[in-house]
Amino acid sequence: MEYRFKVDVPGYIYPTGRAGKIFAENIKKGVVVASRCDECRVYFLPPTAYCPHCFNELRDYSPVEAFILVAKTVLDRGGEKVAYGYVKGIVGGEETQGGFIHRVDPEAEPGEVLKPVLKPEEERRGIITDIEFFAKAD
Ligand SMILES: [Zn+2]
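Residues numbered from 1 in each chain as written. Predicted model: local features only at pLDDT ≥ 70, side-chain atom pairs only at ≥ 80, totals over all residues. Heavy atoms only, no water.

Chemist: What should I look at first to understand the environment of Asp 76 in this one?
Modeler: Within the secondary structure, Asp 76 sits in strand β4 (residues 66-77). Residues Asp 76 and Gly 20, 56 residues apart in the sequence, show an inter-C-alpha distance of 33 Å. Among the polar contacts listed, one links the side chain of Asp 76 to the side chain of Lys 81, at a separation of 3.4 Å. (Helix = DSSP H or I, 4+ residues; strand = E, 2+ residues; numbered from the N terminus. Polar contact = N/O pair within 3.5 Å; in protein donor to acceptor, adjacent residues only side chain to side chain.)

Structure below.
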């Protein structure tokens, strides 16, 4: 016996919040920003609106100057090598707390400095996939 039915799922809305909005506005311009807690002396990536340590509201956003590959894995997708890595940001010589899991250059090794390769400006939507992948910074 076969049963068929239809389920209506309401549209899902994820509010980005203040920090997400600032991140989106900046990445559209090609700039990745981190938020800063002066009290704890920590940069957060992706930026957060509040410090998870002291709960201060964060209003200081700074461009991430470089990215460091922390770890990576390479997957074989039907013969094509696709590498995913965990990258942290560097702002003012300090490593960000948090980072991104994203596509990276398969030749990059942990500890290397990477740079984001962004989609053309007219194709950016203010989301993390505006970054196509992280390339070696040489
Ligand atoms: Zn704090």
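Chemist: I would appreciate a short explanation of the layout of surface pockets in the present structure.
Modeler: In this approach a probe as big as a water molecule rolls over the atoms, and the regions it shows empty are the leftover space. Of the voids in this model, the largest pocket is the one considered here, and its volume is about 190 Å³. Lining the largest pocket are Thr 16, Ala 19, Gly 20, Phe 23, Ala 24, Pro 46, Pro 47, Phe 100, Gly 126, Ile 127 and Ile 128. Ranked by the residues each element gives to the lining of the largest pocket, the list is headed by helix α1 (residues 17-28), at four residues. In the lining of the largest pocket, the residues fall into eight nonpolar, three polar and no charged. (1 Å grid on protein atoms, 1.4 Å probe; cavity = no way out; pocket = protein on both sides within 12 Å on 5 of 7 lines; lining within 4 Å. Points joined across faces, edges and corners; volume = space filled by probe spheres on them. Nonpolar A, V, L, I, M, F, W, Y, C, P; charged D, E, K, R; others polar.)

Chemist: Please clarify how the coordination of the zinc ion should be interpreted in this entry.
Modeler: Around the zinc ion, the protein contributes the donor atoms Cys 37 (SG), Cys 40 (SG), Cys 51 (SG) and Cys 54 (SG), at 2.3 Å from the metal centre. Every donor counted, the four donor atoms about the zinc ion form angles of 102 to 114° at the centre, which fits tetrahedral coordination. Written as a sequence motif, the donor residues of the zinc ion are C-x2-C-x10-C-x2-C. Residue classification places Cys 51 among the buried residues on the basis of a relative accessible area of 1%. (Donors = N, O, S within 2.8 Å, 3.2 Å for Na, K, Ca; no water. Tetrahedral: all angles 85-135°; square planar, octahedral: opposite > 155°, others 65-115°. Buried < 20%, exposed > 50% of the residue type's maximum accessible area, 1.4 Å probe, protein only.)

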